[in-house]
Amino acid sequence: VSTIRISASDSEPTGYDVIIESDALKTLPSVLARVAPAHRYALLTDSNVAAHWGEAVLGTLAAAGLAAEQISFEAGERNKTRDTWATLTDRMLELGLGRDSCVIALGGGVVGDLAGFVAATYMRGVPVVQVPTSLLAMIDASVGGKTGVDAPSGKNLVGAFYPPRAVLADPLTLRTLPQLELIGGLAEAIKHGAIADAAYFDWIDESADALLAGDQELLAALVHGSVFIKAGFVAVDLHENGARAALNFGHTIGHALERATDYELHHGHAVAIGMVLEARAAELREIARQGTADRLRQVLRRVGLPTILPARISPDDVIRAATTDKKARAGQTRYALISQIGAVARGAAGEWTWQLPPELIRQVLEEDHDAYTSPL
Ligand SMILES: NC(=O)c1ccc[n+]([C@@H]2O[C@H](COP(=O)([O-])OP(=O)(O)OC[C@H]3O[C@@H](n4cnc5c(N)ncnc54)[C@H](O)[C@@H]3O)[C@@H](O)[C@H]2O)c1
Ligand SMILES: [Zn+2]
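This write-up is about the structure you can find in this document. (Residues numbered from 1 in each chain as written. Chains lettered and ligands numbered in written order. Predicted model: local features only at pLDDT ≥ 70, side-chain atom pairs only at ≥ 80, totals over all residues. Heavy atoms only, no water.)

A short note on the coordination of the zinc ion (ligand 2)
Think of it this way: four donors in a tetrahedron around the metal ideally sit 109.5 degrees apart, and six in an octahedron ideally sit 90 or 180 degrees apart.
Moving on, step 1. The zinc ion (ligand 2) binds to the protein through E188 (OE), H251 (NE2) and H267 (NE2); the donor distances cover 2.0 to 2.1 Å.
Moving on, step 2. Mapped onto the sequence, the residues coordinating the zinc ion (ligand 2) show the spacing E-x62-H-x15-H. With H251 in helix α9 (residues 251–260) and H267 in helix α10 (residues 267–284), this residue pair connects regions lying 16 residues apart in the sequence.
Moving on, step 3. Since its relative accessible area comes to 23%, H267 is described here as partly exposed. (Donors = N, O, S within 2.8 Å, 3.2 Å for Na, K, Ca; no water. Helix = DSSP H or I, 4+ residues; strand = E, 2+ residues; numbered from the N terminus. Buried < 20%, exposed > 50% of the residue type's maximum accessible area, 1.4 Å probe, protein only.)

Notes on the nonpolar core
Moving on, step 1. Counting 55 residues, the largest nonpolar core has V18, I190, L222, F233 and L296 as its most contacted members.
Moving on, step 2. Apart from the residues within four sequence positions on either side, F233 is in contact with I195, A196, A243, R244, A246, L247, V344 and W352. (Core = buried A, V, L, I, M, F, W, Y, C linked by side-chain atoms within 4.5 Å. Contact = heavy atoms within 4.5 Å.)

Section: the site of ligand 1
Moving on, step 1. Close to ligand 1 lie 26 residues; D46, E77, T133, S134 and T176 are nearest.
Moving on, step 2. In the environment of ligand 1, an oxygen atom lies 2.8 Å from a nitrogen or oxygen atom belonging to the backbone of G109.
Moving on, step 3. Within the contact set of ligand 1, an oxygen atom lies 3.4 Å away from a side-chain nitrogen or oxygen of N156.
Moving on, step 4. In the complex, 86% of the free accessible area of ligand 1, which totals 850 Å², lies under the protein chains.
Moving on, step 5. In terms of residue count, the dominant contributor to the shell around ligand 1 is helix α2 (residues 47–63) (four residues).
Moving on, step 6. Taken together, the residues that form the shell around ligand 1 break down as eight nonpolar, nine polar and nine charged. (Near = heavy atom within 4 Å. Polar contact = N/O pair within 3.5 Å; in protein donor to acceptor, adjacent residues only side chain to side chain. Areas by Shrake-Rupley, 256 points an atom, 1.4 Å probe, with all protein chains shown as cover. Nonpolar A, V, L, I, M, F, W, Y, C, P; charged D, E, K, R; others polar.)

Side note on the pairing of strand β2 (residues 16–20)
Moving on, step 1. Burial analysis of β2 places four of its five residues in the buried class, the great majority of the element.
Moving on, step 2. Where strand β1 (residues 2–6) and β2 come together, five bridges link them in antiparallel fashion. The partner of T3 across the bridge, within β2, is I19.
Moving on, step 3. Bridging between β2 and strand β9 (residues 166–169) involves four bridges; their strand directions are parallel. Looking at β9, one finds that I19 is bridged to L168. (Pairing = 2+ DSSP bridges.)

Some points on the pattern of salt bridges
Moving on, step 1. Per the stated rule, a full pass over the model turns up 21 salt bridges.
Moving on, step 2. Between R5 and D17 there is a salt bridge; the shortest N-O distance is 3.2 Å. Here R5, found in strand β1, pairs with D17, found in strand β2; they are twelve residues apart in sequence, far enough to count as distant.
Moving on, step 3. Note on R5: relative accessible area 52%, which makes it exposed.
Moving on, step 4. A salt bridge links D150 to K80, with the shortest nitrogen-to-oxygen separation between them at 3.8 Å. With D150 in strand β7 (residues 146–151) and K80 in the loop between β4 (68–73) and α3 (82–94), this residue pair connects regions lying 70 residues apart in the sequence. (Salt bridge = Lys/Arg side-chain N within 4 Å of Asp/Glu carboxyl O.)

A few points about the packing of aromatic side chains
Moving on, step 1. Evaluation of the coordinates by the stated rule reveals three aromatic pairs.
Moving on, step 2. Taking 6.3 Å as the distance between ring centres and 85° as the angle between the ring planes, the aromatic pair formed by F233 and W352 counts as edge-to-face. Taken together, the residues F233 in helix α8 (residues 216–236) and W352 in the loop between β12 (343–344) and β13 (354–355) connect sequence positions 119 residues apart. The residues F233 and W352 share a single accessibility class, namely buried.
Moving on, step 3. Here the basic side chain of R346 rests over the ring of W352, its NZ or CZ set 3.6 Å away from the ring centre. (Phe/Tyr/Trp six-rings, centres within 6.5 Å; stacked < 30°, edge-to-face > 60°. Lys NZ or Arg CZ within 6 Å of the ring centre and 35° of its normal.)

Digging into α8
Moving on, step 1. For α8, spanning 21 residues, the distance from its first C-alpha to its last is 30 Å, which sits close to the expected 30 Å at 1.5 Å a residue.
Moving on, step 2. One side-chain oxygen of the residue at the start of α8 lies 3.0 Å from the amide nitrogen of E217, identifying that residue as D215. (Expected span 1.5 Å × (residues − 1).)

Description of the sheet that holds β9
Moving on, step 1. In space, the seven strands of this open sheet follow the order β1-β2-β9-β6-β5-β3-β4, with mixed pairing throughout. If you trace the sheet from one side to the other, it starts and ends with β1 and β4, each paired once. The average undirected angle you get between the axes of adjacent strands in this sheet is 20°.
Moving on, step 2. Seen against the sheet, α2 touches β3 (40–46), β4 and β5 (101–107) and runs at an angle of roughly 155° to β3.
Moving on, step 3. Contacts from helix α4 (residues 109–121) reach β3, β4, β5 and β6 (128–132) within the one sheet, and its direction differs from that of β5 by about 165°. (Axes fitted to C-alpha atoms, helices over the stretch in contact; angles between N-to-C directions.)

The analysis is restricted to geometry; functional conclusions fall outside its scope.
Right under this line is the structure:
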């Protein structure tokens, strides 16, 4: 078993363990007994995960004598809403779950964010244990204490910081995860290597085939490596010094691509393309060493991620989406950049993000558009 301790921070006032082990689901009852003993448990999950893992988890809990009620909602980001929050909390109330109950969030990031927010608000807060079942949830969404739902005007606009009592990541659950989702999660792992650890980045490159084939030992090592890196940035950000922003590498353009395609483009795909383009912009600005974008391209391709703008998206669409980003601070779009594989590029005054002119982004987008014709 490998365990990473997430220490207390401003956003997460209590620390907790991320437990990573193949077949760790079996140990869920003992983890619950240790960190979240409760009268009854609400097993919150989505329709896909319920079909694959619901019975097994309920069986494990029942065998250990724990009382649990499974409540599931239809899978999909479009259901990460206040409506679903209301449905889930109403169902918990109907079932008579009290203040002495605990939420188990079994699923991908949608379940984690939604169930975490349910736990944060149910009777002013009941404990939650996160059991992430997608690679993205294991290495990204379940660490850092952010929970919440989407609103019509944007994603994740209503929520709370609410740390779990523990995170239990079992790579065995990734066996049923669609390959597109596994590959999408790998984009974030590659990002972690790109911003913090060149050796980890190279290791993903070398291990690509085995990771994609579901090798349990390597997947556990991947989750460990990525959680360790994400936890480091979250911990450094104690005083809101902005370190956490480094995790947004590839995401400024990535989010613009998602918006420009009305969220048809998978988040992981968008971030992969975003990292290459942002690295290229950093090269042109002499913020990043030459060849950084090419090295990113190689590794992203190796795991089956796209690295060029889909032909159906024009540079104009992307620029428009990037400049209307609500997160663009006071109208200025900011970018988290790297100076080379394994290192974040910090500004002269230590800033974690950079302002880049739209002309530079246009240049990078057009250069990319002219050089390749994407099959996507
Ligand atoms: N809280 C945070 O800090 C944070 C960070 C990053 C992302 N997020 C959020 O996470 C969400 C994305 O997470 P995601 O990519 O896991 O999406 P998701 O939860 O929608 O899961 C992707 C798909 O895989 C299915 N699935 C999950 N695990 C499975 C399994 N083991 N077997 C079969 N199918 C499985 C789901 O039902 C879904 O259809 C977004 O809403 C995003 O905002 C949150
Ligand atoms: Zn992301």
